[in-house]
Amino acid sequence: MLLRAREPAGGAGAVWALGRALAAGFVLLALLVGISAPAKANQEAGAGAREGTGAPSLRIEIGAHLAPIRSLVADRSGVHVVTAAEDKTARIWDAATGALLSVFRPPSGPGNDGKLYAVAMLPDASLFATGGWSAGNEVYLVRRNDGRIVHRLPGLPEVVTHLSFSPDGRMLAVGLAGRNGVRVFQAVDAWTGARELAGDAQLAGEVNATAWAPDGKTLVVSSADGYVRAYEATSQGLRRLASAALSGAGVPFGLAFSPDGAAIAVGTADQGSIDLFEARTLKLRRVLPPPSERPGRSLSVVAWAADGRHVFAAGSWTDERGRFVACLWPARGDGAARLIPLARNTITALHALADGRLLFAAADPAWGALGADERVAFVSSAGLLDFRHQRSRFRLAPDGSAISLRERSAAGDDAFDLRQLAWGRSGKEWSAPRHAAGRTTVDDWFERQRPLINGKAPTLAANEWSLSASVSRDGNRVALATSQYLRSFDRNGNERWKTPVPATPWQINTSDDGRWLVVGFSDGSLRWYRQEDGSEQLGLFQHADGRRWVAWTAAGNFAASPGGEDLVGWQVGHGPAQAADFYPVSRFRSDYYRPELIGEMFGKSAAPAAPANAGQAIRQRLPPTLRIVSPDALSTQRSSEVKVKLAVRSSAEAPVTRLRARVNGQLVALPQIAALPATRSEQADETVYDVALPLPGIEAQIMLFAENRYGVSPEAMLIVKRPPAEPAAATADSAAAVSSSPAAPGVDLRPALYVLAIGISRYQDPSIQLEFAAKDSTDLANFFKAQEGGLYRKVAVRLLTDAGAKRDDVLDGLEWIRRELTARDVAMVFIAGHGVNDADGTYYFLPQDVNVKHLKRSAVIFTEIRNTLVALPGKAMFFIDTCHSGNVLGTGLRSLRLDTTAVINELSSADNGVIVFAAATGRQYAQESPEWGNGAFTKAILEGLRGKADYNRSGRVTHKMLDLYVSERVKALTEGAQSPVTIVPSGVPDFPLVLGQR
């Protein structure tokens with residue numbers, strides 16, 4: 001549902017969606033956030049098969065929430081945070097850093113089914129409860145460490161609006177939408193079961209919040225009926241003690257007990273004052289006045305500082321600069337409120353920690369922490385592309401194959417072309433959305449519940465709001481994008497079809513050829529729907545960093561930028577009692593990476609319908625899944641190794657063939673799968689293995705993978721720290737070994753560097769000559785050889801150029817570096833020359849003696865390079881500069897495409913662990929010039945390593961520093977024609993490449 005400042009606020013008895021939207025403060029037009037009304041009695045979206053009974057679905061995943069965060073909670077020690085959001089995920093975070101630890105995906109279906117509105121966590125962080133809109137009105141009790149559902153509370157009468165555990169963790173209060181009140185459940189066998197106690201099921205309005213007194217003896221509930229109620233918690237359930245209305249006319253919302261349990265603060269949905277009540281009698285103690293007169297603003301969520309001295313409140317209140325703030329009052333009520341800027345959008349949750357920090361969530365979506373010094377320590381945000389104010393710039397090419405998305409850059413690019421899979425320039429003939437064409441006009445369509453098509457109001461669902469509209473060029477069709485559906489009408493207002501929307505649709509446009517409806521959503525995605533029947537055919541997600549993107553078809557075929565193929569994946573459900581699994585599309589690269597099919601969507605007379613069994617085909621070819629049972633995701637160990645218990649699930653016809661492990665990005669050898677201690681759990685359809693792994697230094701990020709014949713599982717991650725006083729054989733700044741065994745006296749612990757540098761300018765084939773490829777590799781080899789005795793105890797270089805870089809020489813070089821490298825060392829492989837893809841898309845590096853008509857027997861296939869790099873026990877880096885010429889294979893073979901994207905993405909995946917520096921994006925050509933004396937890529941690398949990448953004068957250059965310098969420098973040298981790419985696998989920490997370069 002959508003609300004604006006000029007609309008009535010509503011009152012007691014309004015549907016929960018209205019009260020919640022007001023309380024969350026979604027009233028500022030410039031920062032409007034879409035909310036689907038959760039009350040099922042007033043909503044029809046969400047029908048259809050759920051995952052587990054239906055096909056897997058494609059979901060965006062960027063390591064952050066994609067829709068408004070509705071609830072946030074932390075454990076008693078302030079170590080773990082859980083957030084619940086409308087994107088149908090709950091996410092577990094490290095409270096100290098904001099790092100994402102894991103994602104819980106509840107069973108879900110189309111529309112609203114699966115949206116989460118509430119979360120609560122046991123004080124010891126062992127388990128959390130979450131719920132919202134679900135087909136069975138369930139609350140899920142989830143083991144925090146591994147995401148397993150240990151119990152469900154099904155069959156509740158309405159949507160779950162709020163959850164809270166009693167301080168001892170034995171009772172759970174469940175607030176409900178409608179007039180269904182609050183229910184209370186008691187744990188049985190550590191929440192593997194539960195029994196319902198007496199609650200209060202007959203309130204006159206929806207439950208907005210619940211809060212337990214610190215001693216667990218009192219529960220306070222706020223309701224949309226205008227009342228706050230206090231209950232005594234007994235072994236039989238709740239006994240009402242008192243009820244009270246607010247001092248003003250507002251609706252009570254957020255609740256927070258004072259640390260001593262004597263008082264409770266109440267936030268309000270539509271006023272700026274905060275009422276403080278006696279906890280059990282609800283006698284009004286005092287009113288904390290609004291910070292200023294700001295009509296239309298609310299302070300809906302509250303928190304009481306752990307020291308009891310201050311009360312915080314937030315919501316839609318902003319300061320004079322438009323920043324969303326927390327208001328801070330002395331709890332005694334003897335001072336004015338101070339304003340502390342926190343967020344860029346409505347603040348939806350506050351949680352005070354014992355150490356003085358204040359956690360907050362916002363509708364961006366974002367969450368963060370305010371330190372005890374009242375400074376924002378960090379903010380974790382999705383940073384999604386925002387289509388809300390793009391109406392005039394949301395322009396389509398006539399056939400829908402390209403779309404304008406941004407202000408024109410310095411390079412002139414303002415559009416993304418799906419035929420070329422690249423940024424380009426929009427055309428003058430491109431069209432913005434029309435609201436009148438032919439004999440058709442659409443009126444009152446922006447944030448209205450009664451839009452008009454030629455004066456006639458089509459029928460919308462209850463609480464459905466029209467947000468965007470587009471009239472086809474011939475005037476025969478009108479498309480409405482609403483808070484619930486994408487709808488198509490004829491010029492008379494008769495509905496042709498409707499389809500649920502995956503997120504709030506901010507913009508819609510119709511291609512001039514009449515084939516496509518293109519919609520820009522609040523989750524940052526663009527989606528192409530067939531005008532004929534409303535079926536989704538194509539999606540595009542562009543990360544806000546401006547570099548990564550992924551496009552996919554409804555059949556699962558995809559194209560992606562370097563580093564972009566993990567931005568979307570398949571969510572696979574397992575029925576109502578298990579969490580869903582998520583597989584990035586990278587796990588299906590060999591079968592579904594088909595960039596040529598994206599452009600073909602626009603070359604046919606009619607867009608094809610997606611195959612009905614697309615998701616089922618994915619389900620039949622799934623890699624395994626893996627979860628870490630113990631230790632905890634954030635652990636401390638004193639020993640030099642950690643024992644990990646991990647559970648693996650794989651289909652019976654594709655059993656697990658091996659396990660893989662990487663520690664801080666480096667490969668760790670594991671025993672054969674048959675040699676590992678294992679136990680089988682038939683009930684969970686899993687096998688549990690015990691694995692021992694070494695711990696280097698004071699912190700290790702461990703990533704584990706399972707493999708079957710269909711591929712490699714998504715990673716399971718574990719962060720293990722050793723106490724600082726524990727002596728370590730390596731530091732984060734050394735490229736030291738994974739082994740932490742103590743060294744003998746006098747042993748040099750510095751790593752060795754092995755460099756394989758290959759550069760070919762003079763090919764045997766005179767038609768494919770280059771100028772600087774051999775010099776590039778020579779210059780880099782000489783530079784690194786000079787580093788011996790500094791960071792590296794030894795630098796070993798094998799340089800292969802021109803006549804010395806025949807196919808056998810290249811293969812011998814790969815064998816050499818694989819043979820020589822140890823776990824303590826660093827490997828760098830640099831290749832410069834020509835590279836091509838054959839008709840099947842397989843990438844080949846062209847050695848000096850290549851016969852371009854016989855690639856398979858004369859070129860170096862990518863698998864030879866990959867197999868070497870991924871098997872290296874030390875740190876591995878790959879520099880690829882093989883895009884020099886667009887005419888490598890001659891006129892007759894130009895149909896062979898040049899695309900290094902798959903190579904880059906495969907090597908840099910988390911399971912392969914290779915840092916990749918690429919001279920250009922997948923289909924660009926790398927440039928070289930006599931003016932530079934090198935290729936642009938090599939020139940930038942050498943400049944950066946010689947000190948220009950050391951921006952802060954630290955006396956070292958790390959791979960992240962080099963990435964930043966090379967990226968900007970190459971763009972400057974080539975005037976934007978070449979964009980280098982660096983992809984660092986997850987789990988690989990930053991480390992220095994050279995020292996002392998000034």
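Scroll up for the structure.
Here's a quick rundown of the structure. (Residues numbered from 1 in each chain as written. Predicted model: local features only at pLDDT ≥ 70, side-chain atom pairs only at ≥ 80, totals over all residues. Heavy atoms only, no water.)

Here the focus is the overall build of the protein chain. Scanning the protein chain for helices and strands turns up 11 helices and 70 strands. Buried residues in the protein chain amount to 61% of all 998 residues. Taking contacts inside the protein chain between residues at least 6 apart in sequence as the whole, the part at least 24 apart equals 57%. Accessible area of the protein chain: about 36300 Å², with a carbon and sulfur share of 48%. (Helix = DSSP H or I, 4+ residues; strand = E, 2+ residues; numbered from the N terminus. Buried < 20%, exposed > 50% of the residue type's maximum accessible area, 1.4 Å probe, protein only. Contact = heavy atoms within 4.5 Å. Areas by Shrake-Rupley, 256 points an atom, 1.4 Å probe, with all protein chains shown as cover.)

This brings us to the pairing of strand E47 (residues 581-584). Burial along E47 is two-sided: Asp 581 and Tyr 583 and Phe 582 and Pro 584, pointing in opposite directions, are all buried. As defined by bridge partners, strand E46 (residues 568-572) adjoins E47 across four bridges and the pair is classed as antiparallel. Its bridge partner lying in E47, Val 572 is registered against Asp 581. (Pairing = 2+ DSSP bridges.)

Along the chain, Glu 536 falls in strand E43 (residues 536-542). With 18 residues separating them along the chain, Glu 536 and Ala 554 place their C-alpha atoms 6.7 Å apart. Not counting chain neighbours up to four residues away, the residues in contact with Glu 536 comprise Arg 527, Trp 528, Tyr 529, Trp 552 and Ala 554. Within the local environment of Glu 536, its side chain forms a polar contact with the side chain of Arg 527, the two groups lying 3.1 Å apart. (Polar contact = N/O pair within 3.5 Å; in protein donor to acceptor, adjacent residues only side chain to side chain.)

Right, let's talk about the pattern of salt bridges for a bit. Tallied over the entire structure, the rule returns 49 salt bridges. Between Asp 838 and Lys 856 there is a salt bridge, with the nearest N and O atoms lying 3.7 Å from each other. Highlighted residues: Asp 838 in the loop between strand E61 (834-837) and strand E62 (843-846) and Lys 856 in helix H7 (residues 855-858), separated in sequence by 18 residues. Residue Lys 856 is classed as exposed on the basis of its relative accessible area, which comes to 62%. Among the ionic pairs, Glu 943 bridges to Arg 969, the shortest N-O distance being 2.8 Å. Linking Glu 943 in helix H10 (residues 936-948) with Arg 969 in helix H11 (residues 959-973), this pair joins segments that are 26 residues apart in sequence. Taking the relative accessible area as the measure of exposure, Glu 943 reaches 13% and is therefore buried. In this structure Arg 969 comes out as partly exposed when scored by relative accessible area, which is 26%. The network of salt bridges with common partners includes Arg 143, Asp 146, Arg 627 and Glu 686. (Salt bridge = Lys/Arg side-chain N within 4 Å of Asp/Glu carboxyl O.)

A few words on the packing of aromatic side chains. Taken as a whole and judged by the stated rule, the model has 19 aromatic pairs. For the ring pair Phe 104 and Phe 128, a centre distance of 5.9 Å and an interplane angle of 80 degrees mean the geometry is edge-to-face. Placement of Phe 104 in strand E5 (residues 100-104) and of Phe 128 in strand E7 (residues 127-132) is noted, with a sequence separation of 24 residues between them. Its relative accessible area of 1% is what places Phe 104 among the buried residues. For Phe 128, a relative accessible area of 0% translates into the label buried. Linked through ring pairs, Trp 93, Trp 367 and Phe 378 together constitute an aromatic cluster. Positioned above the aromatic ring of Tyr 485, the side-chain terminus of Lys 498 is 4.6 Å from the ring centre. Sitting over the face of the ring of Phe 991, Lys 875 holds its NZ or CZ atom 5.2 Å from the ring centroid. (Phe/Tyr/Trp six-rings, centres within 6.5 Å; stacked < 30°, edge-to-face > 60°. Lys NZ or Arg CZ within 6 Å of the ring centre and 35° of its normal.)

Before going further, it helps to examine the environment of Pro 259. Structurally, Pro 259 can be placed in the loop between strand E18 (252-257) and strand E19 (263-268). The exposure class assigned to Pro 259 is partly exposed, which follows from its relative accessible area of 38%. Sequence-wise, Pro 259 and Ala 306 are 47 residues apart; in three dimensions their C-alpha atoms are separated by 6.1 Å. When neighbours within four sequence positions are excluded, Pro 259 is seen to be in contact with Pro 214, Trp 304, Ala 305, Ala 306, Asp 307 and Gly 308.

In contact at an axis separation of 10 Å, helix H5 (residues 773-785) and H10 are set at 15 degrees when each is read in the N-to-C sense. Taken together, the axis directions place H5 and H10 in an arrangement best described as roughly parallel. H10 is crossed by H5, and the crossing has left-handed handedness. On the side of H5, the interface is formed by Asp 776, Asp 779, Leu 780, Phe 783 and Phe 784, while H10 contributes Thr 938, Ile 941, Leu 942, Leu 945 and Arg 946. (Axes fitted to C-alpha atoms, helices over the stretch in contact; angles between N-to-C directions. Parallel < 35°, antiparallel > 145°, perpendicular 65-115°, else oblique. Left-handed = near helix turned anticlockwise from the far one by under 90°.)

Quick look at the sheet that holds strand E33 (residues 436-437) now. On the basis of which strands lie adjacent, the open sheet formed by three strands has the order E33-E34-E35 and antiparallel pairing. A strand with exactly one partner marks an edge of an open sheet, and here the two such strands are E33 and strand E35 (452-453). The pairing of strand E34 (residues 440-443) with E35 spans two bridges and is antiparallel. By the bridge assignment for E35, Asp 443 is matched with Leu 452.

The sheet built from three strands is open, its strands ordered E61-E62-E63 with antiparallel pairing. Since the sheet does not close on itself, it has two edges, and those belong to E61 and strand E63 (860-861), each with one partner. Alignment of E62 against E63, held across two bridges, turns out to be antiparallel. Within the sheet, the bridge partner assigned to Phe 845 lies in E63 and is Val 860.

What follows is about the environment of Asn 492. Assignment of secondary structure puts Asn 492 in the loop between strand E38 (485-490) and strand E39 (495-500). Taking the C-alpha atoms as reference points, Asn 492 and Asn 454, 38 residues apart in sequence, are found 7.0 Å from one another.

Turning to H10, a few remarks are in order. Helix length check: H10 (13 residues) gives 15 Å between terminal C-alpha atoms against 18 Å at 1.5 Å per residue, more than 12% under. Most of H10 sits out of view: 11 of its 13 residues are buried. Here H10 has its buried residues at Ala 936, Phe 937, Thr 938, Lys 939, Ala 940, Ile 941, Leu 942, Glu 943, Gly 944, Leu 945 and Gly 947. (Expected span 1.5 Å × (residues − 1).)

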